[in-house]
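Here's the letter readout for the chains.
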Amino acid sequence: MTRIGRGRPWVPAVMSALVPGLGLAYLRQWLRAVYWFGLAVLAGSTGLPESLVTAVGATQRTASAVVVGLVVVASVVDTYRTALFAGDSAADDGPTARCESCGRSVDEDLAFCHWCGEPFGDANWDGGTADGGGAKGHE
Ligand SMILES: [Zn+2]
């Protein structure tokens, strides 16, 4: 069960195509996920200036759909780039914490192994510190 799109950035990108920002939430980029989702909602609920809409010969509904579409595309691009960057930094950055239970490299920001779900005790792993956050259980 691969949960993180390392080497497969299109996985979160597709998620963001379905729901703007969803792929970023998947990558645990919470603020950016909220940002893109909010932007899409805003784009869908805020009408464009009537003069602009008529100038391009569109209806208000069509114009909104186009704007939302642009936001979705932008969020997909941002998600894709974020996934690529996340994969690179995970591969290059110094010592990596490993799960004592399954032995796979894990994210130090989490309180549990995202591969097997095993919670981290301070004594249970050998990389970095289990800083903050607390046990949030499964996502
Ligand atoms: Zn594990």
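### Digging into unusual backbone geometry
Positive phi, close to 65 degrees, is recorded for Arg28, a residue that is not glycine. In this structure, Arg28 sits in the loop between helix H2 (22–26) and helix H3 (30–45).

### As for the environment of Val73
With respect to the helices and strands, Val73 occurs in helix H5 (residues 60–92). On the basis of neighbour count, Val73 is assigned to the partly exposed category, with 13 C-beta atoms found within 10 Å. In the structure, Val73 is positioned 57 residues away from Ser16 in sequence and 8.6 Å away in space, judged by C-alpha atoms.

### Concerning H3
With 16 residues, H3 extends 22 Å between its outermost C-alpha atoms, agreeing within 8% with the 22 Å of an ideal straight helix rising 1.5 Å per residue. Taken as a whole, H3 has its buried residues at Ala33, Trp36 and Ala40. Taken down its axis, H3 places every buried residue within 75 degrees of arc, on the same side. Residues of H3 that are exposed and point more than 90 degrees away from the buried face comprise Trp30, Leu31, Leu42 and Ser45.

Conventions used here
- Residues numbered from 1 in each chain as written.
- Predicted model: local features only at pLDDT ≥ 70, side-chain atom pairs only at ≥ 80, totals over all residues.
- Helix = DSSP H or I, 4+ residues; strand = E, 2+ residues; numbered from the N terminus.
- Buried ≥ 20, exposed ≤ 12 C-beta atoms within 10 Å, placed from the backbone.
- Expected span 1.5 Å × (residues − 1).
- Arc of directions from axis to C-beta.

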